[in-house]
Amino acid sequence: MRHLPLFELSIRTPRLELRLPSLAELDALGDRAAEGVHEAGFMPFFVPWTDASPDERARSTIQYHFRTWGAWTPESWGCEFAVFLDGEVIGSQGVTGKDFAITREVHTGSWIGQRFQGKGIGTEMRRAALHFAFNGLGARYARTEAFEDNLPSLGVTRKLGYREDGVEIHNRQGKPATTLRFRMSRDDWTPAEDVSIHGLEACLPLFGATSA
């Protein structure tokens, strides 16, 4: 797509490929959501999109990606990469930016199908996202946050070297819940030599970026 080269953009790690999905791959991502993302009775997301039937989870996943594509501007964008392991779509890694040309700051969020969890994939995905942000887009800061009882997400964040950045109280399904905020600066980032980015140059204006 000459006018929207985002679909030529990809990030590769030793095990994974991150890129925007085709329609068939987006349908498969919906299947992963339908299969399950977390244990029953636990909600790791600020928007409780998984609190729905399998069919509704699949459909809302597909619709969410359509919305991010349609709403994209250089001033406000959400790059929701599908994550592939051995050619199979297994989850999603998001990198979002608002007024990135000014702030040089991104926010990350992700999910993985439950049957693929516990294999270090979440860490590998986040390392890829950080490499994309700092080395590809020239970001100065990356932010993330998680509920204080979301131990897997917090484990990835702390392993990668983020600094704590405060707490916040959210309404989680009608009850107060504490989230922990984290921030990483470019100076704190450890470059990932085993991560490569492909097809970025033509996409840079769409991110409000020029070069790293």
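In the block above lies the structure referred to throughout.
Every value quoted in this text rests on a predicted model; they were computed, and no experiment measured them.

Draft legend 1. The arrangement of helix H1 (residues 23-35) in detail. The first and last C-alpha atoms of H1 sit 19 Å apart over 13 residues, in line with the 18 Å expected at 1.5 Å per residue. The set of residues buried in H1 consists of Leu26, Leu29, Gly30, Arg32, Ala33 and Ala34. In this structure, the buried side of H1 is in contact with helix H2 (54-71), strand S4 (88-98) and strand S5 (105-112).

Draft legend 2. Structural view of the side chain of Glu80. Tracing the backbone shows Glu80 in strand S3 (residues 76-85). Buried and without a salt bridge, Glu80 has Arg67 as its closest oppositely charged side chain, separated by 10.0 Å. At a separation of 3.4 Å, a polar atom in the side chain of Glu80 contacts the side chain of Ser92. Other than its neighbours up to four places away in sequence, Glu80 contacts Leu20, Pro21, Tyr64, His65, Thr68, Ser92, Gln93, Gly94 and Thr96.

Draft legend 3. Representation of the pairing of S5 in the model. For S5, the tally of buried residues reaches 6 of 8 residues, placing the bulk of the element in the interior. Relative to strand S6 (residues 141-147), S5 is paired through 3 bridges, and the arrangement is parallel. Looking at S6, one finds that His107 is bridged to Arg143.

Draft legend 4. Focus on the pattern of salt bridges. One pass over the structure, following the stated rule, counts 16 salt bridges. Between Asp194 and Arg127 there is a salt bridge, with the nearest N and O atoms lying 2.9 Å from each other. With Asp194 in the loop between strand S8 (175-185) and strand S9 (196-198) and Arg127 in helix H4 (residues 121-136), this residue pair connects regions lying 67 residues apart in the sequence. A relative accessible area of 25% means that Arg127 is categorised as partly exposed. One salt-bridge network, held together by shared partners, links Arg12, Glu17, Arg19 and Glu25.

Draft legend 5. A look at the sheet that holds strand S1 (residues 10-12). Strand order in the open sheet made by the 9 strands is S7-S8-S6-S5-S4-S3-S2-S1-S9, with mixed pairing throughout. This sheet does not close on itself; its edge strands, each paired only once, are strand S7 (163-172) and S9. When strand polarity is set aside, the average angle formed by the axes of neighbouring strands in this sheet is 25°. Both S3 and S4 contribute to a ladder of 10 bridges, which runs antiparallel. Note on S4: the bridge partner recorded for Cys79 is Val95. Against the sheet, H1 engages strand S2 (16-19), S3, S4 and S5, with an angle of about 100° to S4.

Draft legend 6. Layout of the nonpolar core. Counting 58 residues, the largest nonpolar core has Trp77, Phe132, Leu137 and Phe207 as the members making the most contacts within it. Residue contributions to this core peak at 8 residues, all from H4. If we ignore the near neighbours within four places in the chain, the residues touching Phe132 are Leu9, Ile11, Phe81, Val95, Leu137, Ile197, Leu200 and Phe207.

About the cut-offs
- Residues numbered from 1 in each chain as written.
- Predicted model: local features only at pLDDT ≥ 70, side-chain atom pairs only at ≥ 80, totals over all residues.
- Heavy atoms only, no water.
- Helix = DSSP H or I, 4+ residues; strand = E, 2+ residues; numbered from the N terminus.
- Expected span 1.5 Å × (residues − 1).
- Buried < 20%, exposed > 50% of the residue type's maximum accessible area, 1.4 Å probe, protein only.
- Contact = heavy atoms within 4.5 Å.
- Lys, Arg positive; Asp, Glu negative; His and termini not counted.
- Salt bridge = Lys/Arg side-chain N within 4 Å of Asp/Glu carboxyl O.
- Polar contact = N/O pair within 3.5 Å; in protein donor to acceptor, adjacent residues only side chain to side chain.
- Pairing = 2+ DSSP bridges.
- Axes fitted to C-alpha atoms, helices over the stretch in contact; angles between N-to-C directions.
- Core = buried A, V, L, I, M, F, W, Y, C linked by side-chain atoms within 4.5 Å.

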